[in-house]
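Working through the structure, step by step
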Amino acid sequence: MDYVKVAVPVPLGRSFSYAVPTELEGTAVPGCRVLCDFGRRRVLGVVIDRGPTAPADVPLEKIKPLRAVVDAHPVLPMDLLSFLLQLSRYYFSPVGDVVRLALPSVARSAKIVLADQGLLDNTKLKTVGRMVQVAELTGNELPELKGQAVAVVAKLASDGPQLVSNLQSLHKNARSVLKSLESRGVVRILKKERRRGRFFCAPAIRDQAPSLNAAQREATESINAALDEKKSEHFLLHGVTASGKTEVYLHSVQHCLNQGRSAMVLVPEIALTPQLVSRFRARLGDEIAVMHSGLTEGDRFEMWTRLRGGELRVVVGARSALFAPMVELGLICVDEEHDGSFKQEEGVRYHARDMALLRAHRSGAVCVLGSATPSLSTEARVRGGKVTRLSLPERAHRASSMPTVELVDMRRMGPGPAGDKLLSLPLCRKLEAVLAAGEQAILFLNRRGFAPAVVCESCGQLAECPNCSVALTHHKIAGGQLSCHYCDYTIRMPSECGKCGGKSLGLEGAGTERVEDQLAKLYPEARIARLDRDVAAGLKSEKILDRMRAGEVDILVGTQMVTKGHDLPKVTLVGVLNADTALSLPDFQAAERTFQLLVQVSGRAGRAEDPGVVMIQTRNPEHPAVAMAATHNLAGFVKQELRDRKELRYPPYAFLALVRIDGPLEHEVEAFAARLAAVAQKNVITGVDILGPAPAPLARLRGRYRYRFMFRATARKALREAILPIVRAEVPRKLRVSVDVDPVSML
Ligand code: ADP
Ligand code: ZN
């Protein structure tokens, strides 16, 4: 008899063993879903291993038989499964949690699968697709038309086949009009499977690949050569903003498809980059899967099924798309690889860029990491010979040059025209010139809301969140509100101080709302728009950017949403209102982040013919991150920062793991943090040191107190050994411990 190890999609650290009963002989291979008894429940799990030897850690009589096997063929391809298991070990994450990442919830719901009793065929599960009606002209000669029929036929003639529901929303009699047109042979009504997701609303307009410039050609040839050799090679595609990196991805994806293999493109935040999706559809057609958080479970399942079946061979998506069930994966491209949003900050705390390298390695695929400002971690891999650098040194449009950057030293500036230091005089002068010339400006401030702090002018009391140790931000919405940007606690703006009853509350500091306000006062004739999370839920960010592209906006104020890869050709001024916010964070990556942010935001200026100007307001003009961003001195910054990291023993010269402990009572959290740290100290191995425990910089979050300590090791193996006793430690009720390997956020 054989035994299997099953990952049950519940957050438990280990897998569970079951016996394969004789009637299921020959089935239940690794990667298949199985039904098994788990306590009193019947759950759906995934077989991760199988063999003839009975597990040593469980008495034989306790091993239950599998109940049923759901899939005739593995639902997770072998290379994906082995990647998941390795990821689970790397991050010390429960194998059940990790397997969940790769299965849409529909595919792991025991209820749905049980409802379907012919369990041995997973094509049976493909019942989620919905049908829609599409109307098209038959091409027969048109009779004389009257009323709405004229408009409906005109629409079909000019724009091609239309969803019946679309026509109905345009013309309220469309359905009956179409029926009568159908009976007269003018129109045909077809049932089609619905094309899912908002990225597919508009039809794709196909384009032709431009001929590549020399640098692009060289890069593409290196990638394609690796594809031809079927070798897992890793590349850094290092190209300034608008140097044509996306074109290189497109060419290599095409090459990979021509080989009959499939490809994956990961982007930081897909909601902010609908243009990228359009470009992929324009080149490759609609046979691509787009994975993003806005998909319904049905959509997600449909994409997953079609990818799994090999019907779709390209997936474009945010970090979670890394777990798509690709058939014969040949290529993974990670665009903007330096971006922090590739790190998942809850549950399984994986980094999609690091794991893309691992998955590519496991699948024999090529991995391309693209960026204008590569992360230091990738730079270190290049230096270590694990990743090959491919450079695109110039912008793809010959005419466009890099913007000039001016630093505005805020230590020497008095109040600007609005009476404070938010908008300096030189920046305002430049803004006026841009407005006079009918050009556009972007102003960047990494803070949403009106004012980040509200302070009583009599007693100095700061309005704080009752759940988190942070100040509440004042927003102008609905007559004034205070809200917490960590837990979303919101109250009406009070009329007096909660402590002393003082009537005058000062609004300190500035967020994007305040900038917008001041600009409106200074330039009443200018058209101003704001782009941050408060105004740009879902599709709205695209609407705002469309207005910008259409020239309906003169000044766009925003948070880092404006720094992502938007193509805004008419922008000739980019203002960074405060370059110092990110620098002051208690984080060894502060300089790296500041540098990347400044270079990226500068890249928004002068993309087309107009050379742009970037003005950076700062109190630290000599800081290397600021000074070298201003001169586009990437190599200089990387060299200096790597030297500093080496001296201070930080990554990439050390390996870190952050252990976070949180709970409702501070003294319990503190005591347990001390105990865990003592366990760690006792087991400490050479080459590992322990920093802390101490309260986290964000000492309370959502009503829970937070402590932490950090492991720092010279070798990854030593780090792993040091962490193990922590992962195995028993955690008191109500407390939580999480281990964050290669942490990105230090808060
Ligand atoms: P990146 O991804 O590096 O920001 P893109 O691929 O978006 O750069 O290219 C920037 C612009 O240049 C796009 O409008 C793109 O269509 C255009 N472009 C890229 N490569 C070429 C080329 N070889 N010939 C003409 N235009 C190109
Ligand atoms: Zn809060």
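Residues numbered from 1 in each chain as written. Chains lettered and ligands numbered in written order. Predicted model: local features only at pLDDT ≥ 70, side-chain atom pairs only at ≥ 80, totals over all residues. Heavy atoms only, no water.

Now for the side chain of Arg 645. Within the fold, Arg 645 resides in helix H18 (residues 634-648). A relative accessible area of 4% places Arg 645 in the buried class. If sequence neighbours within four positions are ignored, Arg 645 has contacts with Leu 376, Phe 588, Gln 589, Glu 592, Tyr 650, Pro 651, Pro 652 and Tyr 653. (Helix = DSSP H or I, 4+ residues; strand = E, 2+ residues; numbered from the N terminus. Buried < 20%, exposed > 50% of the residue type's maximum accessible area, 1.4 Å probe, protein only. Contact = heavy atoms within 4.5 Å.)

Turning next to unusual backbone geometry. Note on backbone geometry: most residues besides glycine have negative phi, and most peptide bonds are trans. For the bond from Pro 651 to Pro 652, the omega torsion is 5 degrees, close enough to zero to count as cis. Turning to its location among the elements, Pro 652 is positioned in the loop between H18 and strand E27 (655-663). Between Gly 692 and the following residue, Pro 693, the backbone shows a cis peptide bond with an omega angle of 10 degrees. Residue position: Pro 693 is located in strand E28 (residues 688-701).

On to the site of ligand 1, then. In the vicinity of ligand 1 there are 16 residues, among which Gln 216, Gly 244, Lys 245, Thr 246 and Arg 279 approach most closely. Between Ser 211 and ligand 1, the recorded distance is 3.0 Å, taken from a backbone N or O atom to a nitrogen atom. Side-chain polar atom of Thr 246 to an oxygen atom of ligand 1: 2.6 Å apart, as the coordinates give it. Across the complex, the protein chains shield 77% of the 560 Å² of accessible surface that ligand 1 would expose by itself. No other element matches helix H8 (residues 245-258), which puts 3 residues into the shell around ligand 1. The class makeup of the residues in the shell around ligand 1 is 5 nonpolar, 7 polar and 4 charged. (Near = heavy atom within 4 Å. Polar contact = N/O pair within 3.5 Å; in protein donor to acceptor, adjacent residues only side chain to side chain. Areas by Shrake-Rupley, 256 points an atom, 1.4 Å probe, with all protein chains shown as cover. Nonpolar A, V, L, I, M, F, W, Y, C, P; charged D, E, K, R; others polar.)

Domain annotation for the protein reports domain 1 (3-116), domain 2 (131-193), domain 3 (214-392), domain 4 (404-450 + 510-642) and domain 5 (655-741). A C-alpha centroid distance of 48 Å is found between domain 2 and domain 4. (Domains from an automatic or database assignment.)

Here we come to the sheet that holds strand E23 (residues 528-531). Pairing in this open sheet of 6 strands is parallel, and the strands run E16-E26-E25-E17-E24-E23 from one edge to the other. The open sheet has two edge strands with one neighbour each: strand E16 (404-409) and E23. Here the strands of the sheet are splayed against their neighbours by 20 degrees on average, with no regard to which way each runs. Sheet topology places E23 next to strand E24 (residues 555-558); 4 bridges connect them, and they run parallel. When the bridges of E24 are listed, Arg 530 appears paired with Val 557. Here helix H15 (residues 540-549) sits on the sheet in contact with strand E17 (440-444), E23, E24 and strand E25 (571-576), set at roughly 145 degrees to E23. (Pairing = 2+ DSSP bridges. Axes fitted to C-alpha atoms, helices over the stretch in contact; angles between N-to-C directions.)

Turning our attention to the coordination of the zinc ion (ligand 2). Donor atoms from the polypeptide that bind the zinc ion (ligand 2) are Cys 465 (SG), Cys 468 (SG), Cys 484 (SG) and Cys 487 (SG), placed at 2.3 to 2.4 Å. Every donor counted, the 4 donor atoms about the zinc ion (ligand 2) form angles of 105 to 113 degrees at the centre, which fits tetrahedral coordination. All donor residues of the zinc ion (ligand 2) come from one chain, and their arrangement in sequence is C-x2-C-x15-C-x2-C. Of the two residues, Cys 465 sits in the loop between strand E18 (453-456) and strand E19 (473-475) while Cys 487 sits in the loop between strand E20 (481-483) and strand E21 (490-492), which places them 22 residues apart along the sequence. For Cys 465, a relative accessible area of 5% puts it in the buried group. (Donors = N, O, S within 2.8 Å, 3.2 Å for Na, K, Ca; no water. Tetrahedral: all angles 85-135°; square planar, octahedral: opposite > 155°, others 65-115°.)

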